[in-house]
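Summary of structural features
One letter stands for each residue in the lines below.
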Amino acid sequence: MTMDERTLVTERIDKLLASHPPATTPEREFWGAQFDHGLAWVQHPEDFGGCGVSPRWQAEVDRRIVEAGGSVRNRYLNVLGIGMGAGTLMAHADEQRQRRMLRPMFTCEEIWCQLFSEPGAGSDLAALSTTAVKEGDTWIVNGQKVWTTLAHLATWGLLVARTDPDVPKHAGLTYFVVDMQADGVDVRPLYQITGEAEFNEVYFDDVRINDDMRVGEVGQGWAVAMTTLMNERVAIGSNVAPRGSGAIAHALEAWRQHGGDDPVARDQLLRYWVEAEAQRLTTIRAGEARKSGTPGPEGSTGKLHWADLNKAITAFTIDLLGAEGMTYPGGYEFTRPDETANRAESPHKAFLRARANSIEGGTSEIMKNILGERVLGLPGEPRVDKNVPWREVPRS
Ligand SMILES: Cc1cc2nc3c(=O)[nH]c(=O)nc-3n(C[C@H](O)[C@H](O)[C@H](O)COP(=O)(O)OP(=O)(O)OC[C@H]3O[C@@H](n4cnc5c(N)ncnc54)[C@H](O)[C@@H]3O)c2cc1C
């Protein structure tokens, strides 16, 4: 860390906290001021919510804000926008889009969703079938997306569509920003194991997107999507909660109330506590080592480990609760939440929600493939459709 960056960031935080005391400033107003002070995404350039320093400083900014009674919960409320959309727009969108979209994204005035997965394309995302056909300056979109988190609240969607079926699957994709209120967009809730419908199915029926809402070149959608996914894995796996908070806090509380003098449970609790702390510190170290720009495949490490650990700790907590662990205090009343439930308030909900951790943002098997091939340099999987036009690849 250079002293210059430390001084610059510290001065800005001091100024922000003095002019907008977080404990008394309305949240959105505070987030707007944070953006204007260049402390939204510190690695972005001036005027785009950043101050051009290493992303490692973001944790310091967030720590100071929380300490001063402020909130960084916009990162949950608009996780698809702030966690993934911003990095994608900075890397690939034109300046006009960046100026128009980044600030309301950070303040949560405009919520974003990610329209990638389809019924026949999840892990094999490049196989997707939603089409965009050009007519003059407009693209006409038809198809279906699925598992679209927070689509019911979204103003904008990050969409990947097939614009050329006659070339191999990765080459025929183009990336767009779509207006979720446009005619022909139909968002339908999907009921989850937690009782909530955090995600949705989204149908596109002759939806029109102006060409100026294209992100990147025609046919370059795969590269742009990779930027989104690399940011997503870092966003999912790298939330640095305070020591002893989150899932391990639920486990500790359950052990205090139900653990008794069982030495096995105590030993297991300590192991998880140490592992959670090691994960937290590793995440901080990885963040400090990270260079500016799009995160690399190593972002998959944190995502992979966090998913397994979170599942294990939440299951251990339910075991500790005994018979009480089999109840579901909140009930299964159908709701459409205003944020993702990864910060679940009860151990029961946390246990159920954690089942998705090894699926969302790319499954653990896919994380292992990425780490094996792109970090360790192991031989790649056989890819039989690599040079075959998408139209000719058999699909179910
Ligand atoms: C809570 C939640 C939120 C989500 N939010 C969004 C969202 O906002 N936007 C969005 O676009 N998507 C979203 N998703 C979808 C998610 O990205 C996909 O579920 C995920 O990529 C897996 O795709 P799939 O469900 O089609 O499973 P499949 O790809 O069909 O996989 C089925 C199984 O096969 C395994 N498998 C597949 N290919 C391989 C391989 N090559 N090697 C080894 N094993 C393999 C997988 O690991 C998995 O176990 C969300 C999912 C969840 C659970």
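Treat the numbers as computed from the prediction; the structure is a model and nothing was measured.

1. So, the nonpolar core
Formed by 65 residues in total, the largest nonpolar core has its most connected members in Val-42, Trp-112, Cys-113, Ala-154, Val-160, Phe-176 and Val-178. The element best represented in this core is helix α5 (residues 79-92), accounting for seven residues. Here this core spans two domains, and each of domain 1 (3-106) and domain 2 (112-219) adds at least three residues to it. When sequence neighbours within four positions are dropped, the list of residues in contact with Phe-176 reads Ala-132, Trp-139, Leu-159, Ala-161, Ile-209, Met-213, Arg-214 and Val-215. With 14 residues, the next largest nonpolar core counts Ala-251, Leu-320, Leu-352 and Ala-354 among its residues.

2. Quick notes on the site of the ligand
Residues in close proximity to the ligand total 20 residues, the closest being Phe-116, Gly-122, Ser-123, Thr-363 and Glu-365. At the level of secondary structure, the elements contributing two or more residues to the shell around the ligand comprise β1 (112-115) and α12 (364-375). Ranked by the residues each element gives to the shell around the ligand, the list is headed by α12, at three residues. Of the residues assigned to the shell around the ligand, the class counts are eight nonpolar, nine polar and three charged. Looking at which domains feed residues into the shell around the ligand, each of domain 2 (112-219) and domain 3 (226-375) gives three or more.

3. Digging into the pairing of strand β7 (residues 199-210)
Direction of pairing for strand β3 (residues 138-145) relative to β7: antiparallel, over a ladder of seven bridges. If you follow Thr-138 over to β7, its bridge partner there is Asn-210. Pairing analysis gives six bridges linking strand β6 (residues 185-190) to β7, with the strands arranged antiparallel. Its bridge partner lying in β7, Arg-188 is registered against Glu-201.

4. Here we look at unusual backbone geometry
Look at Asp-47: it is not a glycine, yet its phi comes out positive at around 75°. Secondary-structure assignment places Asp-47 in the loop between α2 (27-36) and α3 (58-67). Within the chain, Cys-108 stands out as a residue other than glycine whose phi angle is a positive 70°. Among the structural elements, Cys-108 can be located in the loop between α6 (95-106) and β1. According to the C-beta neighbour criterion, Cys-108 is buried, with 22 such atoms within 10 Å.

5. A few points about the packing of α5 against α6
For the pair α5 and α6, interaxial distance at closest approach is 10 Å and the crossing angle is 165°. Considered as vectors, α5 and α6 are oriented roughly antiparallel to each other. For the element pair α5 and α6, the recorded crossing hand is left-handed. Packed against α5, whose contacting residues are Gly-81, Ile-82, Gly-85, Ala-86, Leu-89 and Met-90, the element α6 presents Arg-97, Gln-98, Met-101, Leu-102, Met-105 and Phe-106 at the interface.

6. Notes on the environment of His-348
When you line up the elements, His-348 lands in helix α11 (residues 347-354). Sequence spacing of His-348 and Phe-316 is 32 residues, and the spatial spacing of their C-alpha atoms is 11 Å. Ignoring any residue separated from it by four or fewer positions in sequence, one finds His-348 in contact with Tyr-328 and Pro-329.

7. Examining the environment of Asp-166
Take Asp-166: it is sitting in the loop between β4 (156-162) and β5 (173-179). A C-alpha to C-alpha distance of 52 Å links Asp-166 and Pro-26, two positions 140 residues apart in sequence. Each residue touching Asp-166, except ones within four places of it in the same chain, is listed here: Pro-389 and Arg-391.

8. Considerations on the domain arrangement of the protein chain
If you check the domain split of the protein chain, you get domain 1 (3-106), domain 2 (112-219) and domain 3 (226-375). Contact residues are listed per partner, giving 14 residues for domain 2 and 18 residues for domain 3. Of the residues in the side of domain 2 that touches domain 3, the class split is six nonpolar, six polar and two charged.

9. Brief notes about α6
Between its first and last C-alpha, α6 extends 17 Å over 12 residues, near the 16 Å set by a 1.5 Å rise per residue. Among the residues making up α6, those that are buried are Met-101, Leu-102, Met-105 and Phe-106. Angular distribution of buried residues about the axis of α6 spans 115°; they occupy a single face of the element. Every exposed residue of α6 that faces more than 90 degrees away from the buried side is listed here: Gln-96 and Arg-99. In this fold, the buried residues of α6 make contact with α2, α4 (74-77), α5 and β1.

10. Concerning the environment of Thr-283
Mapped onto the secondary structure, Thr-283 falls in helix α9 (residues 263-289). Judged by the 21 C-beta atoms lying within 10 Å of it, Thr-283 is buried. As a C-alpha pair, Thr-283 and Lys-303 span 20 residues in sequence and 10.0 Å in three-dimensional space.

What counts and how
Residues numbered from 1 in each chain as written. Predicted model: local features only at pLDDT ≥ 70, side-chain atom pairs only at ≥ 80, totals over all residues. Core = buried A, V, L, I, M, F, W, Y, C linked by C-beta atoms within 7 Å. Buried ≥ 20, exposed ≤ 12 C-beta atoms within 10 Å, placed from the backbone. Helix = DSSP H or I, 4+ residues; strand = E, 2+ residues; numbered from the N terminus. Domains from an automatic or database assignment. Contact = placed C-beta atoms within 7 Å. Near = placed C-beta within 6 Å. Nonpolar A, V, L, I, M, F, W, Y, C, P; charged D, E, K, R; others polar. Pairing = 2+ DSSP bridges. Axes fitted to C-alpha atoms, helices over the stretch in contact; angles between N-to-C directions. Parallel < 35°, antiparallel > 145°, perpendicular 65-115°, else oblique. Left-handed = near helix turned anticlockwise from the far one by under 90°. Expected span 1.5 Å × (residues − 1). Arc of directions from axis to C-beta.

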